[in-house]
Amino acid sequence: MTRAPEATAWDADTAVEQLYAVHYRRLVRLSVLLVRDVGTAEEVVQDAFVAVHARWRRLRDPDQALAYLRQTVVNRSRSVLRHRGVRAAHAHAEPTAGTTRPGADEDVIAAERRAGVLDALRALPTRQREVLALRYYLDLSEAEIAATLGISRGAVKTHASRGAAALRATMSTEEDAR
Amino acid sequence: MSAHDEDLRALLEDAVAGVDPASGLDAVRSRTAHLPRRRWVLPALGSGVLVAALVAAFFVLGPGTASGPSDPGQAAGPAQSGSSDWYMGWTDEPDDQDGATDDTVVVSSPADGATVTSPFTVTGTAVTFEGTVTWKLRPVGGGRVVDGFATAAECCTSSPYSFTVTAPTGHYTLVVSDQDVSDGEGTTTEVSQEVTVR
């Protein structure tokens with residue numbers, strides 16, 4: 001992330017608006033990979049921005065604020081799944097509401113493929129899902145993922161390896177079934 | 001990332017490519033509106049009132065009467081009132097960068113140095129992840145530390161919390177802190193104060 005010249009002089013309002021403009025959509029998509037539901041993901045990310053606003057004077061640095069946002073989104077997504085039973089609530093939900101445009105065969109196939117990926121992610125253990133999302137969607141390094149999740153780099157490697165293998169196996173099975 | 005991983009990167013990118021979230025910026029603004037913001041508003045308003053009063057004094061009473069707030073007379077009333085409003089408004093807002101007004105953990109009761117009887121209730125407000133506040137009651141001079149946690153009413157915004165502490169007679173240091181999700185330095189707030197239990 002490129003730091004704006006006057007970033008450290010931002011007040012909390014400015015910081016949140018600047019960070020929001022750049023990162024909101026990607027953070028919501030990250031949360032969708034974790035919780036599957038767009039509305040829940042939007043709430044999670046809004047919570048994260050409110051938290052950053054409250055802590056801006058201590059964070060000050062946009063890079064640190066972004067790391068805090070990522071960490072809050074991941075933790076909050078995990079918490080939502082645990083406390084609100086989103087898994088159960090959306091076990092039979094239509095895939096990724098608002099993302100499909102039924103009508104064309106290609107659209108239907110694409111929607112099914114996306115739903116299949118989200119279902120496969122949902123079936124993974126929580127840590128594996130989080131590591132895969134951070135590694136392959138946000139392109140974070142092992143060190144960054146370890147810091148975000150509060151686990152060792154060795155654990156990141158293990159979760160990434162097992163999660164990737166499980167995801168590939170699931171997707172391969174789905175491809176064969178089509 | 002190796003080329004071998006590109007398939008997963010593409011898979012995850014595609015899975016959420018169609019997600020177009022609704023803007024939540026207004027909601028974020030609304031939820032942060034109670035926090036100190038736009039500190040120029042009150043001083044500007046006060047300054048505007050002051051300038052308007054001086055201009056009115058100039059035209060109504062003549063140039064000699066609007067020389068400053070020390071001048072007695074009809075025009076001095078609103079001028080001083082405007083100045084007073086400005087002063088009061090400014091002091092209601094944070095005027096330095098020490099973070100005093102956005103502490104993520106505040107202990108409202110008991111006051112620092114207070115004497116209480118056991119059990120006693122600690123109340124305050126906190127901005128914490130998942131609303132979790134942790135606390136310790138540490139005997140001054142050493143001894144068994146009592147600790148626990150409390151849950152604030154709401155996550156991520158200033159929200160009230162309370163917990164009850166049972167402790168034997170003695171002089172203690174009460175430490176209340178937030179449970180931060182970040183490993184970054186300086187992002188955890190810890191409030192420490194003295195309390196005597198009788």
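For every chain, the first residue of its written sequence is number 1, and the numbers climb from 1 along that sequence. Each chain takes a letter, starting from A, and each ligand takes a number, starting from 1, following the order in which they are written. It should be noted that, the model being predicted, local features are given only for residues of pLDDT at least 70 and side-chain atom pairs only at 80 or more, the latter also being counted only at that level, while totals for whole chains, interfaces and linings use all residues. Hydrogens and waters are ignored; side-chain quantities use all the structure's heavy atoms.

## Some remarks on the overall build of chain B
Piece 1. Helix numbering and strand numbering both begin at the N terminus, where a helix is a DSSP run of H or I of at least 4 residues and a strand a DSSP run of E of at least 2. When helices and strands are counted, chain B shows four helices and eight strands.
Piece 2. Any residue under 20% of the maximum accessible area for its type is buried, any over 50% is exposed, and the rest in between are partly exposed; the area is computed with a 1.4 Å probe on protein chains only. In chain B, which comprises 198 residues, the share counted as buried stands at 38%.
Piece 3. Taking the contacts inside chain B whose residues are at least 6 apart along the sequence as the reference set, 61% of them involve residues at least 24 apart.
Piece 4. Note that accessible areas follow from Shrake-Rupley with a 1.4 Å probe, and for residues the cover is restricted to the protein chains shown. Total accessible area on chain B stands at roughly 10,600 Å², and carbon and sulfur atoms take up 56% of it. By definition, residues are in contact when any of their heavy atoms lie within 4.5 Å.

## Quick look at the sheet that holds strand β3 (residues 120–126) of chain B
Residue and element names in this part refer to chain B.
Piece 1. Two strands pair under a simple rule: DSSP has to find at least two bridges between them. On the basis of which strands lie adjacent, the open sheet formed by three strands has the order β1-β3-β6 and antiparallel pairing. The two strands at the open ends of the sheet, each matched to only one other strand, are β1 (105–109) and β6 (159–165). Neighbour-to-neighbour, the strand axes of the sheet open up by a mean angle of 30°, direction not taken into account.
Piece 2. Summarising the sheet, β1 and β3 pair through four bridges and their orientation is antiparallel. Across the sheet, V106 pairs through a bridge with T125, a residue of β3. In this analysis, axes come from line fits to C-alpha atoms, helices being fitted only over the stretch in contact, and the angle between any two N-to-C directions falls in the range 0 to 180 degrees.

## Thoughts on the packing of helix α7 (residues 142–149) of chain A against helix α8 (residues 153–177) of chain A
All names here are of chain A.
Piece 1. One way to put it is that α7 packs onto α8 with a least axis distance of 8 Å and a crossing angle of 100°. By the angle between their directions, the pair α7 and α8 is classed as roughly perpendicular. Taken together, the residues of α8 that come into contact with α7 (itself represented by E142, A143, I145 and A146) are R153, V156 and K157.
Piece 2. Each residue is assigned to one of three groups, with Ala, Val, Leu, Ile, Met, Phe, Trp, Tyr, Cys and Pro labelled nonpolar, Asp, Glu, Lys and Arg labelled charged, and all others, Gly among them, labelled polar. Tallied by class, residues from the contact of α7 with α8 come to four nonpolar, no polar and three charged. Angular relationships are summarised with four words: roughly parallel below 35 degrees, roughly antiparallel beyond 145, roughly perpendicular across 65 to 115, and oblique for the angles in between.

## Some details on the packing of aromatic side chains
Residue and element names in this part refer to chain A.
Piece 1. Pairing of aromatic rings covers Phe, Tyr and Trp, the last through its six-membered ring, and needs centres within 6.5 Å; plane angles under 30 degrees mean stacked, over 60 mean edge-to-face, and all others mean tilted. A full pass over the atoms with the stated rule returns six aromatic pairs over all chains.
Piece 2. By the ring-pair criterion, three or more aromatic residues cluster together here, those being Y20, Y24 and F49.
Piece 3. In this arrangement the basic side chain of R26 is found over the ring face of Y137, its NZ or CZ atom lying 4.0 Å from the centre. Each ring is checked for a lysine NZ or an arginine CZ that lies within 6 Å of its centre and within 35 degrees of its normal; such an atom marks a charge sitting over the ring.

## Brief notes about the pattern of salt bridges
Piece 1. Just to be clear on terms, a salt bridge is a Lys or Arg side-chain nitrogen sitting within 4 Å of an Asp or Glu carboxyl oxygen. Summed over all chains, the structure comprises 17 salt bridges over all chains.
Piece 2. The residue R168(A) makes a salt bridge to D5(B) at a minimum N-O spacing of 3.7 Å. Taken together, the residues span two chains, with R168(A) in helix α8 and D5(B) in the segment before α1 (6–15).
Piece 3. R168(A) gets classed as partly exposed once you look at its relative accessible area, which sits at 24%.
Piece 4. Because the salt bridges share partners, they merge into one network encompassing R135(A), R168(A), D5(B) and D7(B).

## Remarks on the nonpolar core
Piece 1. With 62 residues, the main nonpolar core has L30(A), L33(A), F49(A), L121(A), L167(A) and L12(B) as its most contacted residues.
Piece 2. Considering each element in turn, this core owes the most residues, 13 residues, to helix α1 (residues 12–35) of chain A.
Piece 3. Look past the residues within four positions of L12(B) in its chain and what remains in contact with it is L33(A), V117(A), L121(A), L132(A), A133(A), Y136(A), Y137(A) and L167(A).
Piece 4. Buried Ala, Val, Leu, Ile, Met, Phe, Trp, Tyr and Cys residues that are joined via side-chain atoms within 4.5 Å together make up what is termed a nonpolar core. In terms of nonpolar packing, the next biggest core, distinct from the first, is built from 22 residues, V105(B), W135(B), V165(B) and A167(B) among them.

So, to be careful, I would describe these as geometric facts and stop short of saying anything about function.
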